[in-house]
Amino acid sequence: MKKGGEKFSKIDLAQAYLQMEVEESSREFLTINTHKGLFQYNRLVFGVASAPAIWQRAMDQVLHDIPGTQCYLDDIIVTGKNDDDHLQNLSRVLTKLCEYGLRAKKSKCEFFKNEISYCGHVIDKNGLHKSKEKTEAILQAPKPENVSQLRSYLGLVNYYHKFLPNLATTLHPLNVLLQVGTKWEWSEECNRAFKETKRLITSDELLTHYDPTRPIRLACDASPYGIGCVLSHLMKDGSERPVAFASRSLSSAERNYAQIDREALSLVWGIKKFHHYLYGQRFTLVTDHQPLVSIFNPRKGIPVMSATRLQRWALFLGAHSYDIEFRGTKQHCNADGLSRLPLLTTEGEMAPHSDPAEVFHSVVVQQLPVTNSEIQRHTKNDPTLSKVYEITMRGWPAHGETLFPEFSARRDQLSICQGTLMCGSRVVVPPKLRTRVLETLHEGHLGTVKMKSLARSYVWWPGIDKQLEDITKGCSGCNKVQNAPPLAPLHPWEWPSTPWQRVHVDFAGPFMNSMFLIAVDSHSKWPEVVLMKSTTAEKTVSVLRSIFAKNGLPEQIKLYTFYHKPSTSNAVHGQNSQVPY
């Protein structure tokens with residue numbers, strides 16, 4: 001509802017859908033078969049699947065330019081900052097209804113009330129309250145006897161989930177009974193949860209009206225099985241007033257995320273959940289996970305070694321204008337309570353490998369000489385990695401620097417993907433599999449620098465750089481590649497100023513038991529080709545004399561080394577250099 005309302009009026013439209021005429025071309029789709037024949041409806045009737053959307057769109061167009069007004073199907077609520085403003089808005093609404101030929105049911109209309117019942121909520125100038133009629137239905141509900149009755153009861157409770165910050169914690173035993181494959185057993189824990197929900201529903205929790213001019217805060221938190229968030233306003237006296245609460249259960253894939261990934265997911269989901277409140281507004285994100293303050297800080301770049309999933313979410317957050325701050329768990333209890341027992345929803349369910357991070361992980365592991373199942377098995381069997389895996393799933397303790405220092409130094413980069421411990425986008429390889437990985441990296445004798453560069457794209461473990469250096473130092477093949485001198489730069493021949501100034505001479509062949517003596521002028525590119533059966537020095541000199549007799553004597557002759565059969569080993573062997581003639 002619009003902010004600043006003092007009093008409220010409600011207008012109920014009489015038989016709403018029947019006031020909308022159907023176009024001639026659409027009436028054939030509303031044909032009904034009766035005992036007196038076929039008939040077509042001239043007006044929109046109840047029961048048509050698209051009727052609510054069509055009616056709501058039409059009413060939004062009718063009332064779109066009137067402030068302090070909101071319409072939900074056939075109920076219109078009007079307010080104003082004072083009585084004059086309220087009266088002016090109400091007059092414009094009634095004028096619009098008259099203009100479009102819409103009629104209201106006077107007996108259900110209320111005007112200038114201090115509080116009003118609207119869509120199952122009681123609205124007054126302070127905010128939103130729960131309706132006594134609905135809470136009475138929950139308080140009088142009997143204990144569920146099967147899954148169907150439990151779903152109905154939870155549906156009643158969840159209608160007011162935005163009023164109940166601790167609903168997540170309370171409903172967990174009941175939500176477990178709804179899981180597929182769980183045997184129905186109403187335990188004492190379930191009975192306590194059932195009674196606690198009835199107590200919570202009678203609380204006086206109040207939601208304030210949303211006001212875009214006030215500072216907006218979104219506090220998010222995650223537990224091993226759910227995520228929760230609280231949208232609130234920072235009031236003038238420094239207190240926080242909730243606008244709405246939200247929570248949901250994690251999918252089976254999301255429950256395998258590391259704690260840092262679950263905390264980041266709660267931030268992303270909270271922004272998506274309250275998108276209409278936050279988009280285009282400056283707001284503050286509140287989290288109790290310190291590393292996320294640095295990773296998602298809008299004034300810093302995305303850390304290169306962050307997990308792939310976090311990098312993708314950081315790009316999503318980049319489309320919003322926000323600040324982020326850390327708040328300790330003890331001061332973060334509002335969102336923490338929601339995450340501890342979230343609403344049971346399927347919003348988070350994903351098809352296998354639909355997460356881009358999961359797909360990327362599969363591609364990375366495919367390049368390794370070990371399989372993902374081998375990595376998982378050896379990680380669980382390794383005394384160090386198994387404990388690091390558990391700590392990464394639960395979250396590192398506040399003073400965890402002394403626990404596994406090689407890993408705690410990179411704890412902001414550690415995550416879990418498909419049951420594998422990851423450091424950024426690289427797989428943490430267990431000790432028993434490292435030899436196979438090192439052998440694969442060493443193939444081709446790439447040298448230290450290239451081996452390290454290749455390893456940093458796929459794998460990591462403490463001391464990997466030192467191991468690669470040791471392998472290179474003890475390998476003769478790597479040393480040959482490492483110590484090979486750089487190739488001499490090519491030096492092009494200078495362009496001769498006149499023809500026949502420099503002549504390049506070489507043999508080509510053998511071809512069909514013959515050799516070809518080729519002499520090419522480097523200025524004009526004129527070739528002289530002579531077929532020779534013998535390439536002895538005497539024959540070669542004789543052929544060159546004949547060529548020089550026809551073309552003249554060159555200033556320089558470029559002779560190349562002649563390689564041919566041993567029988568002609570007494571041929572001319574020139575050097576790869578200029579030779580004055």
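Report on the accompanying structure. Since this is a predicted model, take the numbers as computed values, not measurements.

**Quick look at the packing of aromatic side chains**
Aromatic ring pairs are reported here in terms of the distance separating the ring centres and the angle at which the planes meet.
No. 1: Summed over all chains, the structure comprises six aromatic pairs.
No. 2: Ring plane angle 65 degrees and centroid distance 6.0 Å describe the contact between Phe274 and Tyr277, whose orientation is recorded as edge-to-face.
No. 3: Overall, Phe274 belongs to the buried group, its relative accessible area being 5%.
No. 4: The exposure class of Tyr277 is partly exposed, given its relative accessible area of 30%.
No. 5: Among the aromatic residues, ring-to-ring pairing joins Trp184, Trp186 and Phe194 into one connected group.
No. 6: If you follow Lys272 out to its NZ or CZ, it ends over the ring of Phe316, 5.3 Å from the centre.
No. 7: In this structure, Arg309 packs its charged tip against the face of Tyr257, placed 3.9 Å from the ring centre.

**Focus: the sheet that holds strand β18 (residues 459–460)**
No. 1: Across the sheet, which stays open at both edges, the four strands sit in the order β15-β16-β17-β18 with mixed pairing between neighbours. With partners counted over all chains shown, the strands left at the sheet margins are β15 (414–417) and β18, one partner each.
No. 2: Bridge count for strand β17 (residues 426–428) against β18 is two bridges, and the pairing is parallel. Bridge pairing in β18 places Val427 opposite Val459.

**Remarks on the pattern of salt bridges**
No. 1: One pass over the structure, following the stated rule, counts twelve salt bridges.
No. 2: Residue Glu325 pairs with Arg217 through a salt bridge whose shortest N-O separation is 2.4 Å. Here Glu325, found in strand β14 (residues 322–326), pairs with Arg217, found in strand β10 (residues 216–222); they are 108 residues apart in sequence, far enough to count as distant.
No. 3: Overall, the relative accessible area of 29% leaves Glu325 in the partly exposed class.
No. 4: A residue is classified by how much of its surface remains accessible, and Arg217, at 11% relative accessible area, is buried.

**Things to note about the sheet that holds strand β13 (residues 283–287)**
What holds strands together in a sheet is hydrogen bonding between their backbones, with the strands either parallel or antiparallel.
No. 1: Taken together, the five strands give an open sheet; going across it, the order is β12-β11-β10-β13-β14, and neighbouring strands pair in mixed fashion. The strands lining the two open edges of the sheet, one partner per strand, are β12 (240–249) and β14. The sheet shows a mean angle of 20 degrees between the axes of neighbouring strands, taken without regard to direction.
No. 2: Alignment of β13 against β14, held across five bridges, turns out to be parallel. Each bridged residue has a counterpart across the sheet, and for Phe283 the counterpart in β14 is Tyr322.
No. 3: Each of β10, β11 (226–234), β12, β13 and β14 is contacted by helix α7 (residues 259–273), which is oriented at about 140 degrees to β10, the strand it contacts most.

**Section: helix α13 (residues 372–381)**
No. 1: Taken as a whole, α13 has its buried residues at Asn372, Glu374, Ile375, His378 and Thr379. Seen along its axis, α13 keeps its buried residues to an arc of 155 degrees; they face one direction. In α13, the exposed positions that point more than 90 degrees away from the buried face belong to Lys380 and Asn381.

Calculation rules
Residues numbered from 1 in each chain as written. Predicted model: local features only at pLDDT ≥ 70, side-chain atom pairs only at ≥ 80, totals over all residues. Heavy atoms only, no water. Phe/Tyr/Trp six-rings, centres within 6.5 Å; stacked < 30°, edge-to-face > 60°. Buried < 20%, exposed > 50% of the residue type's maximum accessible area, 1.4 Å probe, protein only. Lys NZ or Arg CZ within 6 Å of the ring centre and 35° of its normal. Pairing = 2+ DSSP bridges. Helix = DSSP H or I, 4+ residues; strand = E, 2+ residues; numbered from the N terminus. Salt bridge = Lys/Arg side-chain N within 4 Å of Asp/Glu carboxyl O. Axes fitted to C-alpha atoms, helices over the stretch in contact; angles between N-to-C directions. Contact = heavy atoms within 4.5 Å. Arc of directions from axis to C-beta.

Everything listed here is a matter of coordinates, which is why it stays silent on function.
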